[in-house]
Each structure stands twice: as C-alpha cells, then as structure tokens.
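Residue strings, one per chain:
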Amino acid sequence: MSAGVARADDRTPSAGDGPLLRTPLTELTGVRHPIVQTGMGWVAGPRLVSAAADAGALGILASATMTPDQLRAAVREVRSRTDRPFGVNLRADAGDAAERVRIVVDEGVRVASFALAPSRELIARLKDAGVVVIPSVGARRHAEKVAAWGADAVIVQGGEGGGHTGSVATTVLLPQVVDAVDIPVIAAGGFFDGRGLVAALAYGAAGIAMGTRFLLTSDSTVPPAVQDRYLAAAVADVVVTTKVDGLPHRMLRSELVRALERSGRAAALVRAVRHAASFRKLSGLSWAGMVRDGLAMKHGTDLTWSQVLLAANTPMLLKASMVDGRTDLGVMASGQVAGVIEDLPSCADLVDRIMAGAQRTLAGLPH
C-alpha cells in the first residue's frame, strides 16, 4: 500500500511560501508543496516550469516537441530562472530516448517523468544517476509494472484529465493504485483547488498533478485568445474524441473537432500526412526516425497503421492553438476542470491559494 500520509510541518515558512504540508512527494523531490505541474506539450516551457517551481510545486518541462538541442537549452533556461527542483517529461517510445535521458542526467535534472511506461533499462539508468523517476499511468496494472521495475513514484490520471485519457474516474482508479503499490502515488484528473488536494490525500495519494489549472495562469505562454476559450468553457464543452489521432483524447469542443468528427477516413489520412510532414520539418526528425517512433507507438497496442499515422496530427494541431493562437485550426487538450476555472492567477498565487484552501479544509473536518 502506498504511503501517502501527510503531516503538517512545524517549521515556520519563509515569506510568500504559504503553509507547508509534508508528504512522501515533497520528501522525494525536495519541493515545498505536494503539487505537480504536468509536462504539457507546447505549454510547459521554461517560463511556466520555473514559475511553478518558484511557487513551490514540481514544474515539469515538456520535451516531446523539442529537439535534443532545444531540450538542453530549455533545461538550462529553467535553471537560470530558478534554483528550485524541477523535472523533464520524456517519451519512452521515442527513437532518441537514450540521448534525451543522457541530457537529463548531464544537466542534473532532479526528476524524469514519462507519459508512457519507460523500460526497465531506462529506469535503471536514471536511478543510477540519482534521478527520481515518475511515470504517468492510467491503469493499476501499469502502476504495478513500473513499480516492480524500480520507479520512485507514479502519477495516476483518471478519465477527467486532459489529453490522452482513460475512461475510469479518478475516484475509482486512484484507490486501486494506492492499494496496489508501495511507492508514492500522485493523483491527476479533476484537481484544481485545496479541497481536491485534501481529497487526494485522504485516498492515500502523496499529492496532486494538474495540467489545465497551470495552463490557465498568468505565467502560461498560451495565447490570450486560447485561454479565453478555456475560461468560457462549461463542463459539457470538454469532450472525449478519437478523431484526432485514433485514441481517446479529452479536449475542448471546437469547430475543428466537429469537422474532424464529420470527416471521412480518406480526408483524415490526407490531413495526417500533411501534419506529419510539418512536424518532421519542425522537429528535425528524419522520415526513418518518425517510422521508428511509429513502430514503437504501435508495439503492444491495437492501433492500426492508419491510427498511427493520424497520431502525427497531434503535435501540429496542438501547436496551432497553444503557440499560434489559432483556435480555428488547432485542438485544445483540456481536463474537465476547465469548466469550473474562471481566472488566471500567477503560479505563486495559485499554489498559495491551494495550500491555504487545503489547510482550511483540514481544519474544518470533524475530529
């Protein structure tokens, strides 16, 4: 069973730190608060990551859309902005995963997270170098596998979470994983305030991970027009579709999503080839490298080659919205919490607010 017990810290926090709540997550990573800012592609860049880290959370740099040289430069930029611990999110199935792991190790990054389960060898290489390994999982069996391979903790995302997601709610999935593994479990999917943090701790988690809530901060580089679309969304506007890349993907319903859901297979494949070519040019990957990544993506899954090709849509469709501000041409991955978020605080204000809300919630519980 995961040891997720939290305890109040009797030390006096420094100015601006807010109340402290020590958990196995804070002890493992060295952050002040049991909160993780997840590695969102095109969103979790140096500015957001350093702001989250300065706020006392664990900021995670998204590297899947970067070349190795860009990753190294981004890590160094984060370090120039903050002296707090932070992490890098890696694609375990990428053809250059070993090179990216070497960059993480060489640059002294504290934490490596993975959207897909890393191999036993990658985990061992990182742990031998003193890097904390935290894969993200969407099922109990995946958590058991990476725990047996030596992962230090896991992020478990329920169906409320944004981007690629499962169908099991966090409140059902989280206790299953907590009961199944003996490493810290971080809860993701549906969290945005102090009440959620306390609820996760009550389930036995060691903290919470949030993507959409950090996307909607003043430290985020997401264009204002895109943030406005998130703020205007109701819960019913955040839907799951398989039409972007063949896998369940939670995002804001938009004109593009409606068009994708109406389009036939032939039109979707033509669009996928076009975006694959664009991403190849942007990322510096060769066609051979993209084929290798496609083979890795297909391995052990039920994806058809058509669906693997459709997956090439995702990076460029996300870039269109998250970087270029084109809500008409891009997709907007989103957790369901977008429907209840109404403001754009700084990361510092957000984390302080969550921690203060958690303390109020704890104080108000029956004794």
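Quick summary incoming for the structure in this document. (Residues numbered from 1 in each chain as written. Predicted model: local features only at pLDDT ≥ 70, side-chain atom pairs only at ≥ 80, totals over all residues. Heavy atoms only, no water.)

**What to know about the sheet that holds strand S3 (residues 35–37)**
Overall, parallel pairing links the eight strands, which are arranged S3-S4-S5-S6-S7-S8-S10-S11 in a closed barrel. Taking each pair of neighbouring strands and ignoring which way they run, the sheet shows an average axis angle of 25°. Pairing between strand S4 (residues 58–62) and strand S5 (residues 86–90): four bridges, direction parallel. By the bridge assignment, Leu 61 is partnered in S5 with Val 88. (Pairing = 2+ DSSP bridges. Helix = DSSP H or I, 4+ residues; strand = E, 2+ residues; numbered from the N terminus. Axes fitted to C-alpha atoms, helices over the stretch in contact; angles between N-to-C directions.)

**Quick notes on the nonpolar core**
Within soluble globular proteins, side chains that are nonpolar generally end up buried alongside one another. Judged by nonpolar contacts, the single largest core of 61 residues is most densely connected at Ile 35, Phe 214, Tyr 230 and Met 322. Listed in part, the 25 residues of the second largest apolar core include Met 66, Val 75, Ile 123 and Leu 126. (Core = buried A, V, L, I, M, F, W, Y, C linked by side-chain atoms within 4.5 Å. Buried < 20%, exposed > 50% of the residue type's maximum accessible area, 1.4 Å probe, protein only.)

**Here we look at the pairing of strand S8 (residues 154–157)**
On a regular strand, each side chain points to the face opposite its neighbour's, so the side chains alternate between the two faces of the sheet. Pairing geometry for strand S7 (residues 132–137) and S8, over two bridges, is parallel. What sits directly across from Val 137, in S8, is Val 156. One crossover worth recording links S7 to the parallel S8 by way of helix H6 (residues 140–148), and it is right-handed. With four bridges connecting them, S8 and strand S10 (residues 185–188) associate as parallel partners. Its bridge partner being in S10, Ile 155 is matched across the sheet by Ile 186. (Right-handed = clockwise from strand over helix to strand, strands pointing away.)

**Observations concerning helix H11 (residues 255–262)**
Each α-helix winds once per 3.6 residues, and so residues spaced three or four apart point in a common direction. For H11, the set of buried residues is Leu 256, Val 257 and Leu 260. The arc that holds the buried residues of H11, viewed along the axis, is 100°, so those residues lie on one side. (Arc of directions from axis to C-beta.)

**With respect to the packing of H6 against helix H7 (residues 170–180)**
It is the contact of H6 with H7, at a shortest axis distance of 9 Å, that shows an interaxial angle of 30°. With respect to their mutual orientation, H6 and H7 come out roughly parallel. Where H6 crosses over H7, the two elements pack in a sense that is right-handed. From H6, Arg 140, Ala 143 and Glu 144 reach across to H7, where they touch Leu 173, Gln 176, Val 177 and Ala 180. (Parallel < 35°, antiparallel > 145°, perpendicular 65-115°, else oblique. Left-handed = near helix turned anticlockwise from the far one by under 90°. Contact = heavy atoms within 4.5 Å.)

**Details of H7**
Where H7 is concerned, the buried positions are Thr 170, Leu 173, Leu 174, Val 177 and Val 178. Each buried residue of H7 sits inside an arc of 130° when the element is viewed along its axis, so together they form one side. Buried positions along H7 lie against H6, S8, S10 and helix H8 (194–203).

**What about the sheet that holds strand S13 (residues 249–252)?**
Sheet architecture is open: three strands sit in the order S9-S13-S12, paired in antiparallel fashion. Sheet topology places strand S9 (163–164) and strand S12 (238–241) at the edges, where each strand pairs with a single neighbour. Pairing of S9 with S13 involves two bridges; the strand directions are antiparallel. If you follow Gly 163 over to S13, its bridge partner there is Arg 250.

**So, the side chain of Thr 29**
Locating Thr 29 in the fold gives a position in helix H1 (residues 24–29). A relative accessible area of 0% means that Thr 29 is categorised as buried. Polar side-chain contacts of Thr 29 include one of 2.9 Å to the backbone oxygen of Leu 25. Excluding residues that lie within four positions of it along the chain, Thr 29 makes contacts with Leu 58, Pro 85, Arg 110, Val 111 and Ile 134. (Polar contact = N/O pair within 3.5 Å; in protein donor to acceptor, adjacent residues only side chain to side chain.)

These values are about where atoms sit, not about what they do.
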